Amino acid sequence: MKKSLLIGLAAASVIALSACSAGASTTAPAETDALTPITVGVIPIVDTAPIWLGKEKGFFSDEGLDLTVQVTTGGAAAVPGVISGDYEFAFGNLVSVMVARDKGLDLRYVANGNSTAGTPDFGAVIVRGDSPITSAADLAGKTVSVNNLQNIGDTTIRQIVEDDGGDSSTIQFVEVGFPDAEAAVENSQVDAAWILAPFLNSAVANGARIISYNFSAFDTNLDIAGYFANGDTISNNPDLVTKFQTAMNKSLEYAQVHPDEVRQIVTTYTKMTADQLTDMVLPEFRVDFNGDAATKLGEAAVKFGTLSAKPDLSVMLP
């Protein structure tokens, strides 16, 4: 009996010491082990600043998530990653998800991403400083670059060209990534380019001229992009989705009221100068989607042949 008692006391002492050690530890491994790892695919542009900022501020770890941000070239490129399960969530513009759903893929938004800032905006169509192009209508018959074909860039550009009296069917759209768009314009590989901050700021600083802020010209309340997931993830892992939504919404709200921190975080995943940071127009960051503007976007995508049918926003948007 005495031997059993000693063994019991020794075991209790080990447990007590382990508990004290865990409580006193200042290292992260034990805490990190308790977090659920998630990977989110994003484009390295100003639009995605809130998620980088939210990671830095601990909003995701507060929800029990160990966030890895994976860089992609665009929403269309991120879709396969979400479908395959490589990403639990990804950042993509509304047309990217509309196109995916039009092809039968069950993708749905779980959180907003960014919205047009108005005029001036964080995205624009640019030309060389000496270009004869002076209006949206002048883009008719020209070569214009976008980061992804048949997406939100060419859809909004075609609409503003038609609104300005031009024939958008005569535009030749070519695919050029945002980091390379400035050089494509400067070297006359394209007549005009659609480009987003911070690359927009670099282009303008080097002499490019803005023709149109196509997002706000399309609709002053347009939501540009958000964070989407596979329908299976939303149905089978609602707790994970709720945690991500909570952290992402907190990140959006924080970014909206801390523009200086947004500008600073952009320097951690892009190349920016102090002057460009000061002059950079930031998107609006809001939690709620604007259904009317999204409906208008979907109708334009159908009109220009990007979609075969009007998207069901009641399912696509949260």
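Here we come to the pattern of salt bridges. Counting across every chain of the model gives 8 salt bridges. With its nearest N and O atoms 3.0 Å apart, the salt bridge here joins Asp-130 to Arg-128. Residue class for Asp-130 comes out exposed when judged on its relative accessible area of 57%. The shortest N-O distance in the salt bridge between Arg-286 and Asp-223 comes to 2.8 Å.

Looking now at the nonpolar core. A general feature of soluble globular proteins is that nonpolar side chains tend to end up buried together. Core analysis: the biggest nonpolar cluster contains 89 residues, and Ile-51, Ile-157 and Phe-244 have the highest contact counts within it. Excluding anything up to four places from it in sequence, Ile-157 contacts Val-125, Leu-139, Val-144, Val-146, Ile-171, Phe-173, Trp-194 and Asn-214. By size, the runner-up hydrophobic cluster in this structure holds 13 residues, among which are Ala-181, Val-190, Ala-208 and Tyr-213.

Moving on to the packing of aromatic side chains. A full pass over the atoms with the stated rule returns 11 aromatic pairs. Ring centres of Phe-60 and Phe-244 lie 5.9 Å apart, and the angle between their planes is 40°; this geometry places the pair in the tilted category. Of the two residues, Phe-60 is situated in helix 4 (residues 59-62) and Phe-244 in helix 12 (residues 238-257); the sequence distance between them amounts to 184 residues. One exposure class covers both Phe-60 and Phe-244, and it is buried. When the ring of Phe-91 is compared with that of Tyr-227, the centres are 5.2 Å apart and the planes differ by 65°; the resulting orientation is edge-to-face. Of the two residues, Phe-91 is situated in strand 3 (residues 89-93) and Tyr-227 in strand 10 (residues 223-230); the sequence distance between them amounts to 136 residues. No difference in accessibility class separates Phe-91 from Tyr-227, as the two residues are buried. Aromatic ring contacts, followed pair by pair, group Phe-60, Phe-89, Phe-91, Tyr-227 and Phe-244 into a single cluster. The side chain of Lys-296 reaches across the aromatic face of Phe-218, ending 5.0 Å from its centre.

Here is what the cut-offs are and how they apply
- Residues numbered from 1 in each chain as written.
- Predicted model: local features only at pLDDT ≥ 70, side-chain atom pairs only at ≥ 80, totals over all residues.
- Heavy atoms only, no water.
- Salt bridge = Lys/Arg side-chain N within 4 Å of Asp/Glu carboxyl O.
- Buried < 20%, exposed > 50% of the residue type's maximum accessible area, 1.4 Å probe, protein only.
- Core = buried A, V, L, I, M, F, W, Y, C linked by side-chain atoms within 4.5 Å.
- Contact = heavy atoms within 4.5 Å.
- Phe/Tyr/Trp six-rings, centres within 6.5 Å; stacked < 30°, edge-to-face > 60°.
- Helix = DSSP H or I, 4+ residues; strand = E, 2+ residues; numbered from the N terminus.
- Lys NZ or Arg CZ within 6 Å of the ring centre and 35° of its normal.

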